[in-house]
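One-letter residues, chain by chain:
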Amino acid sequence: MKNLSRRDFLKLSTNALFGLSGLLGLGGLFRYFNYYPPEAPVEFDLGDSANFPVGSRTVRSDVPAVIVNRDGEIVAYSLVCTHLGCTVAESASGFDCPCHGSRYDQNGNVLAGPAQKPLKKLSVEILEDGTLKLHAKG
Amino acid sequence: MRRAYIFVIIGILVLGGAFLPSAFVGTSTALQQATATVSITPTFDSSRLAQPPTVYPPAQADTGEQTYWGMCMSCHGDKGQGLTEDWKNSFPPEEKNCWDSGCHASDAPANSFELPQTGIPALAGAGALARFSNSFELYRHIHENMPFARAGSLTSAEAWSLTAYVLRMNEREVQGFTLSESSGAAISVHRKVTPPASQIPGALIFVGVLILAAIGVNIQQASTGKPNFFHHLHPPSIPAAQSRFRYTLGAGGAAVFLSLILLVTGLLEMYYYVPTSAQAAISVQTITNLVPFGALTRNLHFWSAQFLVVVMSIHLLRVTLTGAYAAPRKFNHVLGVALLAFILLLDFTGYVLRWDEGIHWALVVGANMLKTVPFIGEGLYRFVIGGSEPGDSTLIRFYAWHIFGLMLGAVILMVWHTFRVRRDGGIAIPPPTERKENERITRFDLLRREVLAMTLAAVILILFSLLIPAPIKQPITSFNIMSGDSRAPWFFLWIQYLLKFGDPFVMGILIPIFVVLVLGSLPYILPNAKREELGNWFPRGNRIAQVIAVLIMAVILVLTILGAIPK
């Protein structure tokens, strides 16, 4: 106590109170802004599974995704580059990104950077009636 | 020294501990997503056709379940599966026979009806509610089209409880929440939403921010003895007579405080408000029902706006009844009346932004009134509405006027008005030689009083905001269907009542403009109070103006009350 004058003490208290007031207000603002409208599910109807025979590769640019049937199992890869989100284009070796030159093979694995991760696998659901549904959000 | 710091820090932590948790509680529970699987609350023991047990007290969906059992289940199924073969087979043979033999057909006994050719859709499960986006749309469909044989026979309460039950069948029921015309549009049918539980933490935060800052302002002055920024907004000292509450009523200061609250809450609302005719009412319902502290923010904005009109009217009456607008304050009186007109227009545009059935007819009538102005009427209407009938372009115009056009004008007038108060020598009192007392108060005292008054005003505002919610009705779905309230907002009820008595141009436009002109020109057309009379209520000098102002205000008040009485 010996070095803290009354004046310094009050000054400190003032700043503390203003700081606390501001912090409290920020906390309230943080809560207020923390509402996000519910997002509708992003699903695509792919039609009959017979449209995707073994060995076929089908690009759906509206998703965008490529639907691959390698050996009876139908899988889908997102065509969004895992680097910074451009849409990759088909090429001889697989898929090339026009923005920063990342290259992927036909199964979405990285051939050349700057992308580090392979193209994202999307889930394909087989409905009771034999048609396929693609869930574009994982 | 070090121990003192520790002491202060502990003190802060204790104070902070009281308020901060409420700021962060519940941040992680913003949205819970539910998967789209069919689920049933199996309440059938012996038979799928048995009445579900009653629950007490019933939630809205429980009431809906009973109604569903009575009216909807035979066609839509016990799980909302629709009229499937499995469901037909669950009926006793003689009734199953009825499904097969087509007794629900035109040639059957009376009261039968033909089943729809397209089949009876499922109500629950993936895609069942795909054609709707929110509960209000689902409600409207049920209310207008169901039950199939007697469409439109459901009361709106029954339709809402059925809506709640359909949400429950789809695992979208919002627990402890009542769907209604003021909340349904905010509730998605595709994702389960979780409304914030309470507005109290928000109110505590708001009060806490103000009280902590208020204590801080006072301690700061005690610690330094030097004026801070807020002190510098005031003169070093003012005559005590200028700060007497019984003379000023504090109305001008209250108006400034309410304007500040309006600016802040209005800014916050803009982050969620969507100014399109399809989304506006939905976004208002979202703010009110889903955004954390959103209801409090909106209620504060609403109540500040209502009180602002009241407080400004009191201020106008005070200035007139004390003759305070005598020279050199004549022009500032004009600025003040112009500001009142701006605030009324801001209140009206803000009211229209709700874009719900509550404002529907006030907008239509108010806009059509403009058409009655000779020569320029049609042009004026198109200028305000942005086309030949209300729609998207109307809403975006009102939005622009409300948040910027009128706001800018009001801010300029407010700054000008406040500047003139100080320029003209502060609040009106006699010149120094004529004063009975020469007591003065410092700006420190003045600011302390202002801070105290603001805190009190804030508490009153918050109490109103917590207890009486701002109005909201169902979204406008068509500009041709007459439904909902046809009443003007309360501050224009007197004009609505006047409209009963004659030509809309005279009653609705000329008379209100005339009233504003008379009030604004009082200092110029009637005798004023003498300088030595200032600082007191009811000076002799401007008695005529006092009588006229009181009469105008009394007539407006009476007409407002008459207009508020339901027919």
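Residues numbered from 1 in each chain as written. Chains lettered and ligands numbered in written order. Predicted model: local features only at pLDDT ≥ 70, side-chain atom pairs only at ≥ 80, totals over all residues.

A.B. asks: Before we go on, may I ask you to explain the overall build of chain B in this structure?
C.D. replies: Helix and strand content of chain B: 20 helices and two strands. For chain B, buried positions account for 36% of its 567 residues. If you take every contact in chain B between residues at least 6 apart in sequence, the share linking residues at least 24 apart comes to 76%. (Helix = DSSP H or I, 4+ residues; strand = E, 2+ residues; numbered from the N terminus. Buried ≥ 20, exposed ≤ 12 C-beta atoms within 10 Å, placed from the backbone. Contact = placed C-beta atoms within 7 Å.)

A.B. asks: Honestly, the overall build of chain A in this entry has me stumped. Any pointers?
C.D. replies: The number of helices and strands found in chain A is one helix and ten strands. Computed over the C-alpha atoms, the radius of gyration of chain A is 27 Å, more than 25% above the 14 Å expected from 2.2 N^0.38 for a compact globule of 138 residues. Oriented by its inertia axes, the alpha-carbon framework of chain A measures out at about 85 × 40 × 20 Å. Buried residues in chain A amount to 25% of all 138 residues. Sequence-distant contacts, at least 24 apart, represent 34% of the contacts inside chain A between residues at least 6 apart. (Rg over C-alpha atoms; globule rule 2.2 N^0.38 Å.)

A.B. asks: What should I look at first to understand unusual backbone geometry in this one?
C.D. replies: Peptide bonds are, in most cases, trans, and in most cases residues other than glycine have a negative phi. Residues and elements named next belong to chain B. That bond from A327 to P328 is cis: its omega, 10 degrees, falls within 30 degrees of zero. For L249, which is not glycine, the phi dihedral falls at a positive 65 degrees. Within the element layout of this structure, L249 appears in the loop between α9 (245-248) and α10 (251-270). Using a count of 16 C-beta atoms within 10 Å as the deciding quantity, one classes L249 as partly exposed. The phi angle at F375 is positive, at roughly 65 degrees, despite the residue not being glycine. With respect to the helices, strands and loops of the structure, F375 is situated in the loop between α14 (357-370) and α15 (377-385).

A.B. asks: I would appreciate a short explanation of the pairing of strand β10 (residues 131-135) of chain A in the present structure.
C.D. replies: If a strand is regular, its side chains alternate between the two faces of the sheet. Residues and elements named next belong to chain A. The alternating pattern of β10 places L132 and L134 on a buried face, while none of T131, K133 and H135, on the opposite face, is buried. Here four bridges tie strand β9 (residues 121-126) to β10, and the two strands are oriented antiparallel to one another. By the bridge assignment, I126 is partnered in β10 with L132. (Pairing = 2+ DSSP bridges.)

A.B. asks: Explain the nonpolar core here, please?
C.D. replies: The tendency in soluble globular proteins is for nonpolar side chains to be buried side by side. Within the largest apolar cluster, 116 residues are counted, with the highest numbers of intra-cluster contacts made by L258(B) and L308(B). The element contributing the most residues to this core is helix α12 (residues 294-321) of chain B, with twelve residues. Counting 19 residues, the second largest nonpolar core, distinct from the first, contains V63(A), Y77(A), V88(A) and V124(A). (Core = buried A, V, L, I, M, F, W, Y, C linked by C-beta atoms within 7 Å.)

A.B. asks: Explain the domain arrangement of chain B to me, please; I cannot follow it from the model alone.
C.D. replies: Interface size is commonly expressed as the accessible area that is lost once the parts come together. Residue and element names in this part refer to chain B. Along its sequence, chain B is organised into domain 1 (60-103 + 118-186) and domain 2 (200-481). Using C-alpha coordinates to define each centre, domain 1 is positioned 47 Å away from domain 2. On the side of domain 2, ten residues touch domain 1, which itself brings seven residues to the contact. Tallied by class, the residues present in the side of domain 1 that touches domain 2 amount to three nonpolar, three polar and one charged. (Domains from an automatic or database assignment. Nonpolar A, V, L, I, M, F, W, Y, C, P; charged D, E, K, R; others polar.)

A.B. asks: Would you mind showing me how to read the sheet that holds strand β6 (residues 94-96) of chain A here?
C.D. replies: In any sheet, the strands associate via hydrogen bonds between backbone groups, in a parallel or an antiparallel arrangement. Residue and element names in this part refer to chain A. Spatially, four strands are ordered β5-β6-β7-β8 in an open sheet, and the strand pairing comes out antiparallel. Here the strands that pair on one side only, and so sit at the sheet edges, are β5 (89-90) and β8 (110-112). Here three bridges tie β6 to strand β7 (residues 103-105), and the two strands are oriented antiparallel to one another. Across the sheet, the residue bridging to F95 is Y104, located in β7.

A.B. asks: I would appreciate a short explanation of the sheet that holds strand β3 (residues 65-69) of chain A in the present structure.
C.D. replies: Residue and element names in this part refer to chain A. Read from one edge to the other, the open sheet built from six strands follows the order β1-β10-β9-β4-β3-β2, with strand pairing classed as antiparallel. Each end of this open sheet is capped by a strand with a single partner; those strands are β1 (43-48) and β2 (57-60). Strand after strand, the sheet turns through a mean of 25 degrees between neighbouring axes, direction not considered. The sheet contact formed by β3 and strand β4 (residues 74-78) spans five bridges and is antiparallel. (Axes fitted to C-alpha atoms, helices over the stretch in contact; angles between N-to-C directions.)

A.B. asks: So what exactly am I meant to see when it comes to helix α17 (residues 443-467) of chain B here?
C.D. replies: Turn by turn, an α-helix covers 3.6 residues, leaving residues three or four places apart pointing in a common direction. In this model, α17(B) (25 residues) spans 36 Å end to end at C-alpha, consistent with the 36 Å of a helix rising 1.5 Å per residue. Where α17(B) is concerned, the buried positions are L447(B), E450(B), A457(B), A458(B), L461(B), I462(B) and S465(B). (Expected span 1.5 Å × (residues − 1).)

A.B. asks: Hey, could you run me through the packing of helix α2 (residues 60-76) of chain B against helix α6 (residues 156-169) of chain B in this one?
C.D. replies: How two helices sit against one another is set out by the angle between their axes and by the gap between those axes. Residues and elements named next belong to chain B. Put simply, α2 and α6 touch, their axes get as near as 7 Å, and they point 100 degrees apart. Overall, the two elements α2 and α6 adopt an arrangement that is roughly perpendicular. Contacts between α2 and α6 pair Q60, A61, T63, G64, E65, T67 and Y68 from the former with E158, W160, S161, L162, A164, Y165, L167 and R168 from the latter. By residue class, the composition of the contact of α2 with α6 is seven nonpolar, five polar and three charged. (Parallel < 35°, antiparallel > 145°, perpendicular 65-115°, else oblique.)

A.B. asks: What is the right way to look at the domain arrangement of chain A in this model?
C.D. replies: Examined at the domain level, chain A breaks down into domain 1 (1-35) and domain 2 (43-135). Of note, the centres of domain 1 of chain A and domain 2 of chain A, computed from C-alpha atoms alone, are 54 Å apart.

A.B. asks: What exactly am I supposed to notice about α10(B) here?
C.D. replies: Compared with the 28 Å implied by 1.5 Å per residue over 20 residues, the 28 Å span of α10(B) between its first and last C-alpha is a close match. Burial in α10(B) covers these residues: G252(B), A254(B), A255(B), F257(B), L258(B), S259(B), I261(B), L262(B), T265(B), G266(B), L268(B) and E269(B). Buried residues in α10(B) make contact with α1 (6-32) of chain A together with α9, α11 (280-289), α12, α16 (392-423) and α17 of chain B.

A.B. asks: Looking at this model, I keep getting lost on the packing of helix α13 (residues 330-352) of chain B against α16(B). Mind explaining?
C.D. replies: Residue and element names in this part refer to chain B. One can describe the packing of α13 onto α16 by two numbers: an axis separation of 9 Å at closest approach and a directional angle of 160 degrees. By the angle between their axes, α13 is roughly antiparallel relative to α16. Of the two possible hands of crossing, α13 and α16 adopt the one that is left-handed. Considered class by class, the residues forming the contact of α13 with α16 number 18 nonpolar, seven polar and one charged. (Left-handed = near helix turned anticlockwise from the far one by under 90°.)

A.B. asks: What's the story with the environment of F136(B) in this structure? I'm lost.
C.D. replies: Residue and element names in this part refer to chain B. When you line up the elements, F136 lands in helix α5 (residues 135-145). Separated by 423 residues in the primary sequence, F136 and L559 have C-alpha atoms spaced 36 Å apart. Contact partners of F136, with chain neighbours within four places excluded, come to G184, A185, Q474 and P475.

A.B. asks: Got a minute to help me understand the confidence of the model for chain A in this structure?
C.D. replies: Note: predicted coordinates in regions of low pLDDT should not be interpreted at a detailed level. Across chain A, pLDDT averages 81, with 96% of residues at or above 70. Of all helices and strands in chain A, the one with the weakest mean pLDDT is β1(A) (78), whereas β7(A) scores best (87). (pLDDT = per-residue confidence, 0-100.)

A.B. asks: I would appreciate a short explanation of the environment of I509(B) in the present structure.
C.D. replies: Residues and elements named next belong to chain B. Mapped onto the fold, I509 is located in helix α19 (residues 504-525). Each C-alpha atom, one on I509 and one on G366, is 10.0 Å from the other, the two residues being 143 residues apart in sequence. Aside from chain neighbours lying at most four places away, what touches I509 is M369 and V373.

A.B. asks: In this structure, what is going on with the confidence of the model for chain B? I would like to understand it.
C.D. replies: Residue and element names in this part refer to chain B. Residues with a pLDDT of 70 or more make up 85% of chain B, whose mean pLDDT is 82. For residues 24-46, every residue scores under 50 in pLDDT, and the model assigns this stretch 33 contacts once sequence neighbours within four places are set aside. Interface predicted TM-score (ipTM) for the complex: 0.72; the corresponding pTM is 0.82.

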